[in-house]
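Residue-level listing of the chains:
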Amino acid sequence: MTAPSTARPVGRRATADLLARYDRPGPRYTSYPTAVEFHDGFTAADYDARLAAANALGDAPLSLYVHLPFCEERCLFCGCHVIVTKHKEMAAPYLDLLARETQLLAARLPDRRRVAQLHLGGGTPTYYSPAQLTALLTPLLREFRPIAGAELALEADPRVTTIAHLDALADLGFNRISLGVQDLTPAVQEAVNRVQTLEQTAALIEHARRRGFRGINVDLIYGLPLQTPESFERTVDAIIGLGVDRAAVYSFAFVPWVRGNQKKLEEDQLPDAETKVALFAIARERFLEAGYEPIGMDHFARPDDELARAKREGRLRRNFQGYTVIPGADVIGLGISAIGDVRGAYVQNEKKLSTYEEAVTAGVLPVARGVARSADDELRRTVIHELMCNMRLDTGAIERQYGIPFAPYFADDLAELAEYERTGMVRVSPAAIEVTPLGELFIRNLAMCFDRYQREKHAAQASPVFSRTV
Ligand SMILES: C[S@@+](CC[C@H](N)C(=O)[O-])C[C@H]1O[C@@H](n2cnc3c(N)ncnc32)[C@H](O)[C@@H]1O
Ligand code: SF4
């Protein structure tokens, strides 16, 4: 194995000029088409039909995503769909609704119950007590049975996650954990209303490891108020010091028009685009120097971690939870706002608790919207995900897989990409499209070249829909 490059992805070329031109609103492509294309013409009846088709696949394992939206306090940066309350009793009835939704789904999937991946996301899954989680998950795992080697994962906020939570979840078979840290600098933590210590995270990691959790991940965010390259370097070094298997270094998605809590941030404390580039560059440099490998656009993993292995073997995939090694399984979403991906359609549940409750109590799948992917969507989804996962696209492989001539089919897209080729972000040859280290920073822009909806619908839109790409 060759030593990973420690070169900064951008160096002097990350000029204000490049940023002025390319730092603009764009999707993160955890799906294609992106969620803004979902529509309410996709109904519970449509989902029923997809589930019937999924059931016919019998033994093929599923992925499950369960959304547990409650949090005790709101972090000002948060972009997730959460319900904030300190009144824990208010969150208990939601568990009964999830149990009913599980039954609705199990009834529609009588022959397809094996699970390769279960992900508890939020919100904060460990808002619930260990006993409540056990009561929720025991029947769920009886209906949907994990296969050997299945990934059972949770997102955990170290401020509220206890050793008893880890024990209860390990007893249920959980073996993956992702801890939210974001930044360790006190001033930054105060500015975003999220104060936590390194010791909290360290203690959880140590115990999780003892209980057999692998692929232990920490989330960081760059672009938060008051962050400087020096302060962020200290955060990154402390996380490396914990020996995590993986780290996500997310670009702060600043979308105050959809997340009102972000309006409370002091905008003049947010780093400008050039500082944001420097923040990511320092994180990347430190992780690579420590022997981590870059994964996709915002992850780092130790070479022996399965994400790194999957990347080397071209098996890396992207879904709503980010990067994954689980090959193309159907994803079933449970809970408010959860998104599934079943037999060629994305489907999203009701976002409002009251509407979700109404549907589930009436015995109806709580579908709010979705989209059935066309053949063109499928093809573009593969192209975009290949680029986002592997920073490279084998155009011949696409031609063979989809039976199209690449260059004529993507003539408009390649014309758009030519501009990025001139700036040195991408190399295009008849056999492949290769993203350069500079292009990695602008990968969302490169992916946007292949997004038909972006070109035909959103490019000229006056009001922003997505966060900025850098
Ligand atoms: C849904 S949260 C769940 C984890 C748990 N509630 C916690 O905060 O530790 C998952 C991750 O999303 C990321 N995140 C949340 N809001 C974000 C935003 N506006 N931009 C970028 N990343 C964000 C954070 O890194 C967070 O750890
Ligand atoms: S970042 Fe996590 S803890 Fe904070 S509000 Fe969002 S989901 Fe809740």
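Here the structure is a predicted model, which is why all the values come from computation and not from measurement.

Peer 1: What am I meant to see in the nonpolar core here?
Peer 2: A general tendency of soluble globular proteins is for nonpolar side chains to be buried together. Of all hydrophobic cores here, the largest spans 120 residues; its most connected members are Tyr 47, Leu 68, Leu 118, Leu 137, Phe 174, Ile 332 and Phe 450. The contacts of Leu 118, once residues within four sequence positions are left out, are Leu 64, Val 66, Leu 137, Leu 140, Leu 141, Glu 151, Leu 152, Ala 153 and Phe 174.

Peer 1: It is not clear to me how the packing of helix H12 (residues 375-390) against helix H13 (residues 395-402) should be interpreted in this structure. Could you clarify?
Peer 2: Each pair of packed helices can be described by the angle between their axes along with the distance between the axes. Remark: H12 packs on H13, axes separated minimally by 11 Å, with the N-to-C direction vectors making an angle of 155°. It follows that H12 is roughly antiparallel to H13 by the angle criterion. Handedness of the crossing formed by H12 with H13: right-handed. Listed contacts from H13 to Glu 378, Leu 379, Thr 382 and Val 383 of H12 are Ile 398, Gln 401 and Tyr 402. Taken together, the residues that form the contact of H12 with H13 break down as 4 nonpolar, 2 polar and 1 charged.

Peer 1: Help me out: how do you make sense of the side chain of Arg 246 in this one?
Peer 2: Positionally, Arg 246 belongs in strand S8 (residues 246-251). Engagement of the side chain of Arg 246 in a polar contact is seen with the side chain of Glu 306, the distance being 3.4 Å. Contacts of Arg 246, omitting those with residues within four sequence positions, involve Arg 176, Gly 215, Ile 216, Asn 217, Val 218, Phe 300, Ala 301, Asp 305, Glu 306 and Leu 307.

Peer 1: Whenever I open this one, the pairing of strand S19 (residues 432-435) confuses me. Can you help?
Peer 2: Taken together, the 3 bridges between strand S17 (residues 392-394) and S19 define a ladder with antiparallel strand orientation. Across the sheet, Arg 392 pairs through a bridge with Glu 434, a residue of S19. Bridge count between strand S18 (residues 426-428) and S19: 3 bridges; the pairing is antiparallel. Its bridge partner lying in S19, Val 426 is registered against Val 435. Counted between consecutive antiparallel strands, the loop separating S18 from S19 contains 3 residues.

Peer 1: Would you explain the site of ligand 2 in this entry?
Peer 2: Residues in contact with ligand 2, as listed here, are Cys 71, Glu 73, Arg 74, Cys 75, Phe 77, Cys 78, Val 82, Gly 123, Thr 124, Asp 157, Arg 159 and Arg 194. Class assignment for the residues of the shell around ligand 2 results in 5 nonpolar, 2 polar and 5 charged.

Each value, and the rule that gives it
- Residue numbering note: each chain is counted from 1, following its sequence as written.
- Whichever chain is written first becomes A and whichever ligand is written first becomes 1, with later ones labelled in order.
- Totals for whole chains, interfaces and linings use every residue, but because this is a predicted model, local features are given only for residues with pLDDT of at least 70 and side-chain atom pairs only at 80 or more, for both listing and counting.
- Side-chain numbers come from the whole structure's heavy atoms, not from hydrogens or water.
- Joining through side-chain atoms within 4.5 Å is the link that ties buried Ala, Val, Leu, Ile, Met, Phe, Trp, Tyr and Cys residues into a set, and such a set is a nonpolar core.
- Only protein chains enter the accessibility calculation, which uses a 1.4 Å probe; a residue is then buried when its area is under 20% of its type maximum, exposed when over 50%, and partly exposed in between.
- By definition, residues are in contact when any of their heavy atoms lie within 4.5 Å.
- As a rule, the C-alpha atoms of each element are fitted with a line to give its axis, helices using only the stretch in contact, and angles between N-to-C directions run from 0 to 180 degrees.
- The way it works is that DSSP assigns letters per residue, a run of H or I at least four long becomes a helix, a run of E at least two long becomes a strand, and they are numbered from the N terminus.
- If an angle is under 35 degrees, it is roughly parallel; if it is over 145, roughly antiparallel; if it lies from 65 to 115, roughly perpendicular; otherwise it is oblique.
- The handedness criterion is simple: a crossing whose near helix is rotated anticlockwise from the far helix by less than a right angle is left-handed, and one whose near helix is rotated clockwise is right-handed.
- Residues are sorted three ways: Asp, Glu, Lys and Arg are charged, Ala, Val, Leu, Ile, Met, Phe, Trp, Tyr, Cys and Pro are nonpolar, and all the rest, Gly among them, are polar.
- Any pair of N or O atoms that falls within 3.5 Å is considered a polar contact. Within protein, one atom must be able to donate a hydrogen and the other to accept it, and sequence-neighbouring residues count only if both atoms are side-chain atoms.
- The pairing criterion for strands is at least two bridges between them, as found by DSSP.
- Only a single heavy atom is needed: when it lies within 4 Å of a molecule or strand, its residue is near that molecule or strand.

So, to be careful, I would describe these as geometric facts and stop short of saying anything about function.
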